[in-house]
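Listed here are the chains, written in short residue letters.
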Amino acid sequence: MNNNYDVIVVGAGHAGSEAALAAARMGSKTLLLTINLNSVAMMPCSPSIGGTAKGHLVREIDALGGEMGRVIDKTYIQSKMLNTRKGPAVHSLRAQADKNEYHIEMKRVIEETDGLYLKQTEVTDLMIEDGMVKGVKDNLNLTYSAKAVIICTGTYLGGKVFIGKNTFQSGPDGLKAATELSENLKEKGIYLRRFKTGTPARVNMRSLNKDQMLIQKGDETVVPFSFMSDDISKEQVPCWLTYTNNDTHELILNNLHETALFGGQIEGVGPRYCPSIEDKINRFSDKNRHQLFIEPEGNYTNEMYVQGMSTSLPLPLQEAFMQTIKGLENVEIMRPAYAIEYDCINPTKVRDTLEHKKISNLYFAGQTNGTSGYEEAAAQGLMAGANAHLKINGEEAFVLDRSEAYIGVLIDDLITKGTNEPYRMMSSRCEYRLVLRQDNADFRLTERAYKIGLATEERYQRMLDRKKAVDEEIERMKALMLKPDDINGFLENQESSTINSSKSLYDLLKRPELTYEIMSEVDTDRKPLSEDVIFQCENKIKYKGYIVKQLEQIKKFKKLEKRILPETINYTDIDGLRNEAKQKLEEIQPKSLGQASRISGVNPADINVLYIYIEKMKRQGELNE
Amino acid sequence: MEDTIVAISTPHGEGAIGIVRMSGSKAFDVIEKIFKPGSKTVDDYENRQLIYGHILDNNQVIDEVLVALMKAPKTYTTEDLVEINCHGGSVPIRRILDLILTFDVRMAEPGEFTKRAFLNGRLDLSQAESVMDMISAKTPKGFDVAYNQLEGYLSKKVKKIREDIVDLFSKIEVGIDYPEADIEDITHEEIKEVLEYNLEKVNHMIEGSETGKIIRNGLSTVIVGKPNVGKSSLLNALLKESKAIVTSIPGTTRDVIEEYININGIPLKIIDTAGIRETDNEIEKIGVKRSKVFFNKADLVILVLNNAEELSVEDREIISYIEDKKVIVVVNKTDLENKLDFDALEVLVKDKTILRTSVMNEHGIEAVENEIAKLVYHGEVKSKENDFITNVRHIAALKKAKESIQAAINATDSAIGYDFIEVDIKDAYDYLGEITGETLGEDVIDKIFSKFCLGK
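Residues numbered from 1 in each chain as written. Chains lettered and ligands numbered in written order. Predicted model: local features only at pLDDT ≥ 70, side-chain atom pairs only at ≥ 80, totals over all residues.

(A) Representation of the overall build of chain A within the structure. Within chain A, the regular secondary structure consists of 19 helices and 22 strands. Taken against the 2.2 N^0.38 rule, which gives 25 Å for 625 residues, the C-alpha radius of gyration of chain A at 26 Å falls within 12% of a compact globule. Its C-alpha atoms give chain A principal-axis dimensions of roughly 80 × 75 × 55 Å. Residues classed as buried in chain A amount to 50% of the 625 residues present. When contacts within chain A are restricted to residue pairs at least 6 apart in sequence, those whose partners lie at least 24 apart make up 72%. (Helix = DSSP H or I, 4+ residues; strand = E, 2+ residues; numbered from the N terminus. Rg over C-alpha atoms; globule rule 2.2 N^0.38 Å. Buried ≥ 20, exposed ≤ 12 C-beta atoms within 10 Å, placed from the backbone. Contact = placed C-beta atoms within 7 Å.)

(B) Structural context of the overall build of chain B. A tally of regular secondary structure across chain B gives 16 helices and 14 strands. Looking at chain B residue by residue over its 456 residues, the buried ones come to 41%. A separation threshold of at least 6 residues defines the contact pool for chain B, and within that pool the share at least 24 residues apart is 66%.

(C) Representation of the environment of A:Ser504 in the model. Residue and element names in this part refer to chain A. Structurally, Ser504 is set in strand 22 (residues 503–504). Assessed through the 15 C-beta atoms surrounding it within 10 Å, Ser504 is described here as partly exposed. When the C-alpha atoms of Ser504 and Met481 are compared, they prove to be 4.2 Å apart, with 23 residues separating the residues in sequence. Beyond its immediate sequence surroundings of up to four residues, Ser504 is in contact with Met477, Lys478, Leu480 and Met481.

(D) Spotlight on the domain arrangement of chain A. Taken domain by domain, chain A holds domain 1 (4–196 + 341–457), domain 2 (202–340), domain 3 (467–547) and domain 4 (562–619). For domain 2 of chain A versus domain 4 of chain A, the distance between C-alpha centres works out to 46 Å. (Domains from an automatic or database assignment.)

(E) View of the sheet that holds strand 5 (residues 92–97) of chain A. All names here are of chain A. Spatially, the 3 strands line up as an open sheet ordered 3-5-4, and their pairing is antiparallel. Whereas interior strands pair on both sides, the edge strands pair on one side only; in this sheet they are strand 3 (48–50) and strand 4 (76–82). Looking at each pair of strands side by side, their axes are set apart by 20° on average, direction ignored. In the sheet, strand 4 pairs with strand 5 via 6 bridges, with the strands oriented antiparallel. (Pairing = 2+ DSSP bridges. Axes fitted to C-alpha atoms, helices over the stretch in contact; angles between N-to-C directions.)

(F) Broad picture of the environment of B:Lys325. Among the structural elements, B:Lys325 can be located in the loop between helix 11 (313–321) and strand 13 (327–332). The spatial distance from the C-alpha of B:Lys325 to the C-alpha of B:Leu219 is 13 Å, given a sequence separation of 106 residues.

(G) Structural view of unusual backbone geometry. Of the consecutive residues B:Ala72 and B:Pro73, the connecting peptide bond is found in the cis state with omega at 5°. Its place among the elements puts B:Pro73 in the loop between strand 5 (60–70) and strand 6 (81–87). One non-glycine residue with positive phi stands out, namely A:Ala41, at about 50°. For A:Ala41, the location among the structural elements is in the loop between strand 2 (30–34) and strand 3.

(H) Layout of helix 6 (residues 246–254) of chain A. All names here are of chain A. All of the buried residues in helix 6 are Thr248, His249 and Ile252. Seen along its axis, helix 6 keeps its buried residues to an arc of 95°; they face one direction. In helix 6, the exposed positions angled more than 90 degrees off the buried face are occupied by Asn246, Asp247 and Asn254. Against the buried residues of helix 6 lie helix 7 (277–283) and helix 8 (315–322). (Arc of directions from axis to C-beta.)

(I) Fine view of the packing of helix 9 (residues 374–392) of chain A against helix 10 (residues 406–417) of chain A. Residue and element names in this part refer to chain A. One way to put it is that helix 9 packs onto helix 10 with a least axis distance of 10 Å and a crossing angle of 90°. The orientation of helix 9 relative to helix 10 falls into the category roughly perpendicular. Side by side, helix 9 and helix 10 meet where Glu376, Ala379, Gln380 and Met383 of the first sit next to Ile407, Leu410 and Ile411 of the second. (Parallel < 35°, antiparallel > 145°, perpendicular 65-115°, else oblique.)

(J) The pairing of strand 8 (residues 219–224) of chain B, seen in detail. Residue and element names in this part refer to chain B. Counted residue by residue, strand 8 has 5 buried out of 6 residues, so it is predominantly covered. Pairing between strand 8 and strand 12 (residues 300–306): 4 bridges, direction parallel. The residue of strand 12 that forms the bridge with Ile223 is Ile302.

Now the structure itself:
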């Protein structure tokens with residue numbers, strides 16, 4: 001048995017799958033290990049991929065050559081573009097998967113990737129020599145050696161499930177927890193902490209009174225996630241909307257003592273943005289209803305996911321409170337809601353490549369870094385996989401900054417600010433949204449991924465073709481001059497002011513009341529173009545002024561990112577830094593002044609001190625060793 | 001570790017008390033060597049307690065003093081700090097300073113205590129700049145304004161606006177991040193309302209800045225009129241009133257003297273055209289042509305006319321030059337028989353104020369002073385409210401913030417998406433942050449280096 005690999009990935013969830021695929025596609029001999037082959041890319045909670053900000057992540061993963069976008073395009077059962085009324089930067093795509101198909105499709109892609117080996121075993125220990133990882137050991141006492149190891153253990157690591165007052169060691173959805181690995185990581189000096197998350201019950205579709213609920217349909221025109229997908233339209237399944245009421249709230253409030261959460265048995269920190277129904281009722285007592293969406297888990301099952309109703313109440317009470325809700329009067333639970341507590345690291349302990357700061361060639365990605373969500377996990381997995389491959393081949397690291405990608409924001413937030421709760425990507429965390437749109441992820445990222453061997457030639461060509469189509473159409477519109485005599489009648493009809501001298505189609509499109517579609521009446525020679533190319537062109541013309549302003553903001557941001565803080569800097573020696581700042585700077589070891597300014601506990605005065613310190617050093621020539 | 005510095009912290013000249021301030025790691029060592037407390041030893045006293053005793057040089061008493069010891073880091077400079085309250089007057093204070101300088105302590109550069117306070121993170125940028133403004137303030141009023149900024153008055157105002165903006169962001173963002181949640185989106189009108197409220201605040205600060213600039217740099221004033229109307233006498237009378245000639249430096253143009261005088265707390269930089277040499281040419285005599293240059297530069301023109309003469313061609317010509325200036329028309333020599341046609345003058349000068357004086361008899365001077373103050377404060381004297389921004393960098397940042405807020409407000413009038421409006425709001429947020437130093441930019445740092453001479 002040849003057990004030597006370039007890269008080993010521990011865990012085959014969303015982070016692990018992308019990590020292994022990235023490393024293997026770039027040319028590393030890669031081993032992907034999972035406790036159970038039936039749980040590859042499993043979706044143990046929501047059936048949705050994407051949503052606000054997360055949709056951007058999926059687009060970026062895809063633009064970089066990742067798999068998530070393609071798999072969801074093949075396995076979706078309902079799709080929606082959210083926020084369409086709020087401007088192109090925050091349009092967010094969300095699709096619901098047939099969970100089982102999603103798992104099967106991802107597993108198939110992994111199995112068919114050259115140089116990628118998928119195996120079932122439980123990793124129990126790491127092999128570390130002289131501060132560098134050398135491989136892993138499993139529960140059969142076998143060793144697998146590698147030049148780099150990526151830990152993507154998710155909620156399996158030290159997993160503990162709570163349903164009412166019952167608790168037991170378990171990974172997600174009844175799978176085995178990885179307990180031995182937890183102990184051994186701690187022994188290796190890797191500090192672990194407890195986070196918590198939860199999932200609502202799955203109910204039987206046949207027990208629902210659908211006519212009592214509001215039907216929620218998918219979009220008629222489906223925009224794919226992947227830049228590689230073309231038309232993916234198909235018959236979609238609906239979801240259902242209903243609300244809690246006073247009876248629900250009363251029942252829950254009277255039984256709070258029955259939950260492990262309120263009983264204080266759970267030490268882990270849960271996410272504020274994804275509260276249990278107990279939390280919602282308790283914290284927002286002025287709200288007299290909370291909404292819930294009932295979403296199908298797949299085409300070949302009657303299991304329905306009850307979005308918004310995560311709880312750690314005992315099973316009988318779960319069913320009882322749901323039965324107070326309109327449409328759920330006869331509801332029958334198939335899988336109970338549960339809370340799960342697990343071990344994760346503090347992400348400030350990893351670099352911007354996701355490599356551990358103290359143990360070389362050991363990478364962490366996904367929930368193990370304190371995040372929540374399939375998309376956040378996949379994004380980190382991809383970046384860790386690519387960087388592990390680059391590092392062991394002596395190549396330059398692949399890092400995206402906050403002005404280049406949501407992925408950059410995600411990783412910078414994690415390593416700079418850390419997180420006290422499972423971190424979720426949100427639009428509001430991103431400063432340069434107008435430039436980092438979901439529709440231009442390929443223009444931003446594909447070339448860079450292509451250059452490091454992460455994106456394929458085919459993907460790169462597709463991006464170039466799309467770009468060419470947009471550029472050509474823009475040029476055509478600039479060149480097409482419309483004469484007053486030919487167009488003033490049309491403009492009057494559109495309640496747009498008339499023109500005295502010829503104007504280009506490009507200039508006319510700057511007017512808010514005129515769209516590309518409306519202009520077809522006077523632009524008769526146009527070639528048929530895809531919706532997507534038209535969308536790009538319109539954005540470029542209509543919002544040019546704003547985009548220019550944002551690019552200016554990015555320029556300012558980059559200046560501070562380029563003020564490098566040398567690794568040799570000794571913060572405790574700098575007079576004027578407050579003690580808290582010294583401590584934080586020592587801990588995080590920021591790469592640049594810009595990153596330092598984002599550390600919580602480092603205030604503007606500290607940054608001024610630091611700025612002056614490095615400037616003085618520079619002027620004294622001490623940095624030019 | 002920084003070396004230890006010392007300076008006399010009170011103004012030069014006679015005074016009841018004087019303060020010698022010393023900051024740095026050796027401050028406590030030095031004071032122990034030269035100071036003998038009344039009873040106990042220095043160690044027996046608590047931090048920040050005033051200790052009575054004597055300063056000794058070789059057992060010889062130099063002065064009877066009160067000493068305050070302030071332990072790092074909770075001091076102005078965040079270093080060990082000693083303040084010696086001694087008797088005023090230049091002799092004792094100078095002797096104490098000389099004594100301290102015999103130890104390993106050096107004389108502080110101007111503003112160096114502040115520089116340390118800033119570099120050590122004790123003051124934010126706008127506060128540090130204010131101290132520098134205080135040091136270079138030309139009038140007590142200018143000092144007050146700078147002091148208010150040191151107290152964080154400006155920072156507080158700006159921070160409040162920034163808080164409002166953050167709050168606005170969160171309201172916009174919640175709708176973006178939770179499109180399907182059961183919450184109402186903020187409307188364009190609601191966004192506009194918040195922006196307009198804060199735009200008004202910014203405008204108010206910018207308006208105050210014009211006055212602030214005057215308070216800091218002086219109101220540049222030209223006194224014009226034909227020879228022998230009493231220009232010099234008026235100037236002398238104003239000078240006499242003010243008693244506080246801050247400085248008297250030759251102007252950039254030959255023959256022109258710039259005097260700083262202080263009227264009701266307002267510094268006037270008087271460009272004294274009386275210094276222009278008289279020639280045979282009648283027009284030149286009045287100095288109209290040459291004075292024209294000064295008219296253009298002047299914030300305020302004081303036109304002096306002779307009550308005992310009719311309005312001449314030259315008078316009319318001067319009046320035509322100063323039409324759109326802030327002008328006080330002073331008709332002097334009211335002690336003599338009136339020949340000047342006031343009705344005609346009123347028509348000529350339109351809405352400008354006409355005052356009557358007899359400088360020789362010290363009559364009407366106060367009215368001139370009051371009118372100057374009134375003009376500076378745009379007619380509403382706000383002497384209590386120190387809402388004046390004096391720093392050029394702050395004013396520039398405020399103006400940029402204003403533009404961005406205005407752009408955002410304009411955007412709310414169209415149906416444009418929130419993400420676009422937010423671009424301008426973020427710009428405004430960042431510009432305001434430049435004032436407090438919370439937004440870090442290259443230009444801010446350049447400023448720091450130019451103000452505090454850090455380059456080596």
